[in-house]
Amino acid sequence: MKVSTADNLQSAILANQTVYLGVSFVPFFLFMSLAELCKTSIKRRYQMLLFMAGLFIFGLVSSIGITDWYYKSVDIESIGGVVRLVKEYGAWHVCYYIFLAINVLLCIGIVINAIRKKKEVSYVTCTLLLVAEFITIFVYAIERILHFPFELVPVAYIISEAICLILLFKIRLMDVTNVTVASMVDSKAYGFILIDRKGRYIGSDEAAKIWFPEIGTLR
């Protein structure tokens with residue numbers, strides 16, 4: 001569903017809310033990814049606060065068309081056959097700017113803390129994650145300042161997602177534990193049986209079934 005192809009106001013609002021589903025929560029996941037890469041532990045209550053902040057923003061967006069909190073007014077217009085939202089921002093829209101600013105400052109703080117404490121982290125990876133977040137904010141700012149007629153934020157998120165996927169692939173290749181386990185599995189010299197904390201069978205590889213044929217009867 002896209003705003004550009006919406007055939008009525010309600011469809012355009014729903015498409016805009018779908019975009020905000022990512023806008024509201026992606027900064028939180030980027031922050032948590034950055035914290036993990038920088039080997040920085042974030043207390044559960046702070047994680048919940050950040051997640052709830054994103055949920056609050058999405059709640060405001062969900063009220064579009066019902067209240068004037070986020071958008072005072074909203075309508076659609078067609079430019080060259082492409083539909084765009086025409087909106088007037090409400091008093092609560094400033095919360096989104098605060099939300100973005102807090103996320104950016106926290107991410108910068110995580111990287112600075114890692115550098116200051118000389119932790120064994122990849123500064124290139126951390127920097128690229130910061131770039132992924134800044135891309136979205138920069139594009140959003142340009143969109144607002146230049147009053148660009150169409151939404152550019154979804155494109156920015158695609159670029160950010162590509163950066164994150166590339167990083168995840170490279171991190172997986174550099175993870176000694178994953179590489180070692182993968183080599184052991186491929187060699188078939190070891191059998192692996194997976195159970196949960198209650199001792200219940202979850203699964204196994206083919207090598208384990210050779211050593212213990214009865215595993216094949218387990219579910």
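A brief structural summary. (Residues numbered from 1 in each chain as written. Predicted model: local features only at pLDDT ≥ 70, side-chain atom pairs only at ≥ 80, totals over all residues. Heavy atoms only, no water.)

### A short note on the packing of helix H1 (residues 9-37) against helix H4 (residues 123-145)
One can describe the packing of H1 onto H4 by two numbers: an axis separation of 10 Å at closest approach and a directional angle of 160°. In terms of orientation, H1 and H4 fall into the roughly antiparallel class. Crossing angle aside, the handedness with which H1 passes H4 is left-handed. In this structure, H1 uses Tyr20, Pro27, Leu30, Ser33, Leu34 and Leu37 to contact H4, whose residues at the interface are Thr125, Cys126, Leu129, Leu130, Glu133 and Tyr140. (Axes fitted to C-alpha atoms, helices over the stretch in contact; angles between N-to-C directions. Helix = DSSP H or I, 4+ residues; strand = E, 2+ residues; numbered from the N terminus. Parallel < 35°, antiparallel > 145°, perpendicular 65-115°, else oblique. Left-handed = near helix turned anticlockwise from the far one by under 90°. Contact = heavy atoms within 4.5 Å.)

### Concerning H1
Over its 29 residues, H1 extends 42 Å from the first C-alpha to the last, a length consistent with the 42 Å expected when each residue adds 1.5 Å. Roughly 35° is the biggest bend found in H1, and it falls at Phe25, with proline Pro27 one to four residues downstream. Downstream of H1 by a residue or two, Lys39 has a phi angle that is positive, lying close to 55°. (Expected span 1.5 Å × (residues − 1). Bend = angle between axes of the 7 residues up to and from the residue.)

### What about the packing of H1 against helix H3 (residues 94-116)?
In contact at an axis separation of 9 Å, H1 and H3 are set at 15° when each is read in the N-to-C sense. Compared by their axis directions, H1 and H3 come out roughly parallel. Crossing hand, H1 versus H3: left-handed. Residues Tyr20, Val23, Ser24, Pro27, Phe28, Phe31, Leu34 and Ala35 of H1 pack against Tyr96, Phe99, Asn103, Leu106, Cys107, Ile110 and Val111 of H3. Grouping the constituent residues of the contact of H1 with H3 by class yields 13 nonpolar, 2 polar and no charged. (Nonpolar A, V, L, I, M, F, W, Y, C, P; charged D, E, K, R; others polar.)

### Topic: the packing of aromatic side chains
Overall, the coordinates contain 11 aromatic pairs when judged by the stated rule. When the centroid spacing of 5.6 Å and the interplanar angle of 70° are considered together, the rings of Phe28 and Phe51 count as edge-to-face. Placement of Phe28 in helix H1 and of Phe51 in helix H2 (residues 44-62) is noted, with a sequence separation of 23 residues between them. On the accessibility criterion, Phe51 (29% relative accessible area) is partly exposed. Following the ring pairs from residue to residue traces out a cluster consisting of Tyr20, Tyr70, Tyr71, Tyr89, Tyr96 and Phe99. In this structure, Arg45 is placed above the aromatic ring of Tyr46, and the distance from its NZ or CZ to the ring centre is 5.1 Å. (Phe/Tyr/Trp six-rings, centres within 6.5 Å; stacked < 30°, edge-to-face > 60°. Buried < 20%, exposed > 50% of the residue type's maximum accessible area, 1.4 Å probe, protein only. Lys NZ or Arg CZ within 6 Å of the ring centre and 35° of its normal.)

### Re the pairing of strand S2 (residues 82-89)
Bridge count between strand S1 (residues 71-79) and S2: 8 bridges; the pairing is antiparallel. Within S2, the position partnered with Glu77 by the bridge is Arg84. Linking two consecutive strands that pair antiparallel, namely S1 and S2, is a turn of 2 residues; a positive phi of about 60° is found at Gly80 within it. (Pairing = 2+ DSSP bridges.)

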